[in-house]
Amino acid sequence: MEKNRDLFKEAIADAKAIAEKLGAVELKMTAKIGQGNKLFGSITNGNVADALAKEGVSMDKKFIQIVGGSVKALGHYTANVRLHREVVVAFEFDVIAEA
């Protein structure tokens, strides 16, 4: 019982360490746009996971939930990242036009 409690506390500590890493990342994702700043296609949680991996924070896309669903326009967005059942972090990112 004591061992499980220690493992639980360790898992929460690890999740909080990853949350600190996420707080330091400024993610700007580029996308092709059409008329009215709308994207060709959309940006999904999988795209966010890939971009985070390039920044050194790797995680499975199933733990990322973009607030409001997939992104279909340029702008500033928020995603909720579930690192542990007791540690959920709001992560902000920008979608900008491809040059």
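Preceding block: the structure.
Residues numbered from 1 in each chain as written. Predicted model: local features only at pLDDT ≥ 70, side-chain atom pairs only at ≥ 80, totals over all residues. Heavy atoms only, no water.

### Re the nonpolar core
1) Next: Within the largest apolar cluster, 22 residues are counted, with the highest numbers of intra-cluster contacts made by Leu 27, Val 48, Leu 52 and Phe 93.
2) Next: Looking at this core, the elements with two or more residues in it are strand E1 (27–31), strand E2 (38–43), helix H2 (45–54), strand E3 (64–66), strand E5 (75–84) and strand E6 (87–97).
3) Next: A per-element tally of this core places H2 first, with four residues.
4) Next: Those residues in contact with Leu 52 that lie beyond four places of it in its chain are Leu 22, Val 25, Leu 27, Val 57, Met 59, Ile 64 and Phe 91. (Core = buried A, V, L, I, M, F, W, Y, C linked by side-chain atoms within 4.5 Å. Buried < 20%, exposed > 50% of the residue type's maximum accessible area, 1.4 Å probe, protein only. Helix = DSSP H or I, 4+ residues; strand = E, 2+ residues; numbered from the N terminus. Contact = heavy atoms within 4.5 Å.)

### Examining the sheet that holds E3
1) Next: The four strands are arranged E1-E6-E5-E3 in an open sheet whose pairing can be described as mixed. In this open sheet, the two edge strands, each paired with only one partner strand, are E1 and E3. Averaged over all pairs of adjacent strands, the angle between strand axes in this sheet comes to 35 degrees, irrespective of strand direction.
2) Next: Alignment of E5 against E6, held across nine bridges, turns out to be antiparallel. Bridge pairing links Gly 75 to Val 95 in E6.
3) Next: Against the sheet, helix H1 (residues 2–24) makes contact with E5 and E6, and its axis sits at roughly 160 degrees relative to E5, the strand it touches most. (Pairing = 2+ DSSP bridges. Axes fitted to C-alpha atoms, helices over the stretch in contact; angles between N-to-C directions.)

### Considerations on H1
1) Next: Helix length check: H1 (23 residues) gives 34 Å between terminal C-alpha atoms against 33 Å at 1.5 Å per residue, within 8%.
2) Next: Residues of H1 that are buried: Ile 12, Ala 15, Ala 19 and Leu 22.
3) Next: Buried residues along H1 sit against H2, E5 and E6. (Expected span 1.5 Å × (residues − 1).)

### What to know about the side chain of His 84
1) Next: As for its placement among the helices and strands, His 84 is situated in strand E5.
2) Next: Ignoring any residue separated from it by four or fewer positions in sequence, one finds His 84 in contact with Phe 8, Ala 11, Ile 12 and Ala 15.

### So, the environment of Asn 37
1) Next: The residue Asn 37 is located in the loop between E1 and E2 in this model.
2) Next: Its relative accessible area of 42% is what places Asn 37 among the partly exposed residues.
3) Next: Placed 35 residues apart in sequence, Asn 37 and Lys 72 show a C-alpha to C-alpha distance of 8.9 Å.

Fair warning: the whole summary comes from geometry, so function is off the table for now.
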